[in-house]
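Close look at the chain arrangement
For reference, the chains in residue letters:
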Amino acid sequence: MSLTKSLKYAVTDFVRLACYDGGLGVLSTYYGETNALQEGRRLHSEVQALHPYFTPEKHIDCEVFGVALRGRADLYYESDETLHLIEIKTGLADFFELDAEDIERMFAQLKVYALMSGQMCAQKKKIVLELIYIHQVSSKQRTVRKEFTLAEIEKEMRPRFEYFKKWLAQLDALREREKTDLELLPFLYPEFRTNQRDMTVYAYQVLKGSGHSLVDAPTGIGKTASMLFAGLKTLAQHDDKKLYYATSKSSVKNQVSSFATKSLDQTSIRTCELTSKQKVCFNTDKRCDSRDCQFAKNYFAKARAALAEGFASEQQFDRARIDELARKHEACPFELSLDISRYSRVMVGDLNYVFDPLVRLQRHFNEEDEMLLVVDEAHNAPSRLRDMYSVSISLAGLRKLEDDVEAEAPQALEVVKPIVKLFAARAKKMTEDSQVTESVPRGLMAKLDKANAFLRTEYGEKEMAIPDVFAPLQNWYYRLQFLIELPDQSVFRIIEEGGERGYVFNYFCLDPRVFLRDVANTIMSSVWFSATLRPSRLFSTELQIFDKMHYKSFGSPFVPEQTDVKLRADIDLRYKNREQSIPKIIKLIEELGQSTENSMIFFSSYGFMKAVMAEIPPELYERLHVQGKGIDEKSQELFLERFRTQTGVIGCCVLGSYFSEGVDLVGDSLKNVVVLGVGIPAPSGTQNALQEYWNDQGENGFDFAYRFPGIVRVLQASGRLIRSESDTGQLILCDSRMYDIMSYLH
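Before going further, it helps to spend a moment on the sheet that holds strand 12 (residues 391–394). Within a sheet, neighbouring strands are paired by backbone hydrogen bonds and run either parallel or antiparallel to one another. One open sheet holds the four strands; their spatial order is 12-15-14-13, and the pairing between them is antiparallel. Looking at the sheet topology across the chains shown, the edges are occupied by strand 12 and strand 13 (434–437). Here the strands of the sheet are splayed against their neighbours by 20 degrees on average, with no regard to which way each runs. Here strand 14 (residues 492–497) pairs with strand 15 (residues 504–509) via six bridges, running antiparallel. Bridged to Ile495 within strand 15 is Asn506.

Locating Val527 in the fold gives a position in strand 16 (residues 523–530). Put simply, Val527 and Tyr204 are 323 residues apart on the chain and 9.3 Å apart in space, counted from C-alpha to C-alpha.

At a closest axis distance of 10 Å, the pairing of helix 5 (residues 150–184) and helix 10 (residues 299–312) adopts a crossing angle of 20 degrees. Regarding the angle of helix 5 to helix 10, the classification is roughly parallel. You can see that helix 5 and helix 10 cross each other, and the crossing is left-handed. Residue-level inspection shows Tyr163, Trp167, Gln170, Leu171 and Leu174 of helix 5 in contact with helix 10, the latter providing Arg304, Leu307, Ala308, Phe311 and Ala312. For the contact of helix 5 with helix 10, the per-class residue count stands at eight nonpolar, one polar and one charged.

What follows concerns the nonpolar core. Formed by 181 residues in total, the largest nonpolar core has its most connected members in Phe355 and Trp528. Counting residues per element, this core draws most heavily on helix 4 (residues 100–118), at ten residues.

Right, let's talk about empty space enclosed by the protein for a bit. A water-sized probe, rolled over the atoms, reveals where empty space remains. In the structure shown here, the tally under the stated rule is seven cavities of 30 Å³ or more. Its boundaries defined by the atoms lining it, the largest cavity holds a volume of some 100 Å³. Forming the walls of the largest cavity are 14 residues, and the residues nearest its centre are Cys281, Cys288, Cys293, Phe295 and Cys332. Among the residues making up the lining of the largest cavity, the classes are represented as nine nonpolar, one polar and four charged.

A separate point is unusual backbone geometry. The omega torsion across Arg534 and Pro535 is 0 degrees, close enough to zero to call that bond cis. Looking at where Pro535 falls in the secondary structure, it is placed in the loop between strand 16 and helix 20 (536–542). Its identity is not glycine, yet Ser210 carries a phi of approximately 60 degrees, on the positive side. Within the secondary structure, Ser210 sits in the loop between helix 6 (196–208) and strand 7 (212–216).

With that out of the way, let us pick up the packing of aromatic side chains. Scanning the entire structure with this criterion turns up 35 aromatic pairs. With a centroid separation of 5.1 Å and 80 degrees between ring planes, the pair formed by Tyr20 and Phe300 is classed as edge-to-face. Of the two residues, Tyr20 sits in the loop between helix 2 (11–19) and helix 3 (34–49) while Phe300 sits in helix 10, which places them 280 residues apart along the sequence. Phe300 shares its class with Tyr20; the two are buried. With centroids separated by 6.3 Å and ring planes inclined at 85 degrees, the aromatic side chains of Tyr189 and Phe259 adopt a geometry described as edge-to-face. Here Tyr189, found in the loop between helix 5 and helix 6, pairs with Phe259, found in helix 8 (residues 250–264); they are 70 residues apart in sequence, far enough to count as distant. Taking the relative accessible area as the measure of exposure, Phe259 reaches 7% and is therefore buried. Put simply, the rings of Tyr9, Phe14, Phe65, Phe161, Phe164, Trp167, Phe311, Phe317 and Tyr343 pair up and form one aromatic cluster. For the cation-ring pair, Arg327 lies above Phe282, with the distance from its terminal atom to the ring centre recorded as 3.8 Å. Between the NZ or CZ atom of Lys552 and the centre of the ring of Tyr202, over which it lies, the distance is 5.9 Å.

The rules behind each value
- Residues numbered from 1 in each chain as written.
- Predicted model: local features only at pLDDT ≥ 70, side-chain atom pairs only at ≥ 80, totals over all residues.
- Heavy atoms only, no water.
- Pairing = 2+ DSSP bridges.
- Helix = DSSP H or I, 4+ residues; strand = E, 2+ residues; numbered from the N terminus.
- Axes fitted to C-alpha atoms, helices over the stretch in contact; angles between N-to-C directions.
- Parallel < 35°, antiparallel > 145°, perpendicular 65-115°, else oblique.
- Left-handed = near helix turned anticlockwise from the far one by under 90°.
- Contact = heavy atoms within 4.5 Å.
- Nonpolar A, V, L, I, M, F, W, Y, C, P; charged D, E, K, R; others polar.
- Core = buried A, V, L, I, M, F, W, Y, C linked by side-chain atoms within 4.5 Å.
- Buried < 20%, exposed > 50% of the residue type's maximum accessible area, 1.4 Å probe, protein only.
- 1 Å grid on protein atoms, 1.4 Å probe; cavity = no way out; pocket = protein on both sides within 12 Å on 5 of 7 lines; lining within 4 Å.
- Points joined across faces, edges and corners; volume = space filled by probe spheres on them.
- Phe/Tyr/Trp six-rings, centres within 6.5 Å; stacked < 30°, edge-to-face > 60°.
- Lys NZ or Arg CZ within 6 Å of the ring centre and 35° of its normal.

Here you go:
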């Protein structure tokens, strides 16, 4: 089947690949900076409101010169004599500094829309194409209007379509083999584990049948390989769909990319790994502009060459391969990964690229029923989705920002200090540990707006990169601005917190489901899986973002005899009694230290772990490996490497942190796991608001806000122990309240 016949391409993707020349700049980044995008949306809406006789966001869908295209014109007007199209563009550059290349890029999109519209109204005598450019700092507008005939546009654009069809022909060579390759694709391993085949078949049936399901499957069953395999097999039945594998953990992304390489190299299927711009950028101190960065200069020609080379080979586009291509062609690796993803059948990336309103990949999650979605570590999804629709600003974070700005950009202190002063004053007025207020602190948005305008003037107009030190400030501003303009404010609470942890302002989303419906409509089918989607009531409720969401649980491939479960009910870890239990905890650690076996101890919080460490004898403390706050990826791997290469290692970690989830330490790498406490989140204004909200929804609010999240944390930590059929080990659960949790263990 010809790719050009079976797929429709977004106008923006066609224009980007076939019409753009030159380099990246303030007008041409694919998805642009998150903050610039949000500002652009606001300005778009304002201009559209000033044109009541035009149709805003006019959907146009048709074939032009043999290429099927779809898109939305910003403003569309049609009369008997005239077709009038308006494109709205926003940017940081002064309009009069734009060169002819920039202007032509903006008009290229208008010309394609004219061709698509002109085929439906070829009798029009006049085609008016109008560009409205708005400066994002000053909001000044400039308008350029040009008139064409349909024949003139056809003559100019036909060569562009011929190039694009040649590119599609290269992809067709892959697509002709793709269905056969997918149908004949064998499972990654010679045989399935116990229950693994049933789980794989179930996931395939859900994905193929346009369903949505939560899948609770235990550690060691082989979920990652199974879900990827089920998704790939589903693609064989849907030529026009794509698969997005969502995971937030680098270790899981690496595992999925490794599976894809082993399974799909030497086949026609291409997988693209998406990594955040901050992690892949070659020039972090440079601006994404061809006048400042060598990897942005002449980007589009370089990208065309890199795409042609990449898709001609039989390699998967993991992070290393994209990095290799980007360096070879001196092209921006982040932009290149996004371009590659548009033509790949499988993508591996973070969940925020699907659901976060400010960083969502609109080109992939835009059309109805377009995507197959597989979500790994789905037990984290409820809190992550809430975070995507929430903002939290701490006074401590602001003071750190103030110190960093003073050291790196003191000229900006004049706009940062008033924000710090505002929150410091709010903190002094706090009379309780937490309080719910009716509105955003007076003057906050004005001060954030002033700071943002200063940054765009200070750096944007000088064509300099805004330093990373300001990233938190910009994120607070744009996310808060977006959230307060959402139509349904009933699911938000404005919560100020004080107490030992210092002042924190929260614009907190209690239930983001209402905002996820539009994205849900772009997903044909989905499977959300984890080893700890228990208790089922929690996840079946909080993740009910589709009309119908099924729940399925699978048994463990392991036998109970592999785990020696011990309950230490004598160690009372209720908050008011836990200090009295510290001597017993130290004695337990000493007993573990007498063995050459490796052990991992999970504390309920950093604060409690610190309190215990302060009481441990120096000679014992020297043997412990204690997890630090904010540990980076390199340090995480060094921490785990000790378990793989040494004996007698005792690691001290925190429930709910990196080491309690998605960590594989097989065989003798880990023989003992100790869980101290039931993992209940610390009481706070936000958790209390969740409890109250779910009570109002007819649920048990305490379960949803406190008890159930604690159970998930304990189950995740316990799951680090047995990772294969040959593993054995000891699981020690400390706290009398563990009786309740033990019934949820697989």
